[in-house]
Amino acid sequence: MRLHRVPVPLLLMRLGVRLWTRWRRMTHPRRYAGLGGAAVGFMIGENPFVAARAQQELGWTPPFDARTAIQRTVTWYQTPRVERV
């Protein structure tokens, strides 16, 4: 499956996530509904999980860039459990 990028204004994206979160809170009050805002922040570059400190102090570099790691993780989650290694 190939993902296609669709440009969406940030303001519209944040509004959509806010509405989605409110809807989820009303329909599923016992479930956590705050992941959407965190996902938007992560995708626009507000990533708190950067490897800069590990690179500076330990000389370590991650084996994959963030985009590749996310794609691999999504692929892993989409595979049936029997096939996961």
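Structure report, in brief. (Residues numbered from 1 in each chain as written. Predicted model: local features only at pLDDT ≥ 70, side-chain atom pairs only at ≥ 80, totals over all residues. Heavy atoms only, no water.)

Moving on to the overall build of the protein chain. Scanning the protein chain from terminus to terminus reveals 4 helices and 0 strands. Seen in sequence order, the protein chain has helices and strands lined up from the N terminus as α-α-α-α. Only carbon and sulfur atoms are counted for the fraction: they give 61% of the accessible area of the protein chain, which is about 8200 Å². (Helix = DSSP H or I, 4+ residues; strand = E, 2+ residues; numbered from the N terminus. Areas by Shrake-Rupley, 256 points an atom, 1.4 Å probe, with all protein chains shown as cover.)

A few words on the packing of aromatic side chains. All chains considered together, the criterion is met by 2 aromatic pairs. Centre to centre, the rings of Trp20 and Trp23 are 5.3 Å apart; their planes meet at 35°, and the pair counts as tilted. Highlighted residues: Trp20 and Trp23, both in helix H1 (residues 10-27), separated by 3 residues, approximately one helical turn. Among the residues examined, Trp23 registers a relative accessible area of 43% and is labelled partly exposed. (Phe/Tyr/Trp six-rings, centres within 6.5 Å; stacked < 30°, edge-to-face > 60°. Buried < 20%, exposed > 50% of the residue type's maximum accessible area, 1.4 Å probe, protein only.)

Next up on the list: a nonpolar patch on the surface. Residues Val6, Val8, Leu12, Leu15 and Leu19 make up a contiguous nonpolar surface patch of about 470 Å² in total accessible area. Here Leu12 is to be found in helix H1. (Patch = residues over 30% accessible without salt bridge, like charges linked within 9 Å, V, L, I, M, F, W, Y side chains within 5 Å. Salt bridge = Lys/Arg side-chain N within 4 Å of Asp/Glu carboxyl O.)

We now examine the environment of Val50. Structurally, Val50 is set in the loop between helix H2 (35-43) and helix H3 (52-58). The class of Val50 is exposed, set by a relative accessible area of 56%. Here the alpha-carbon distance between Val50 and Pro62, two residues 12 residues apart in the chain, equals 9.7 Å.

By themselves, these observations are geometric and do not establish any function.
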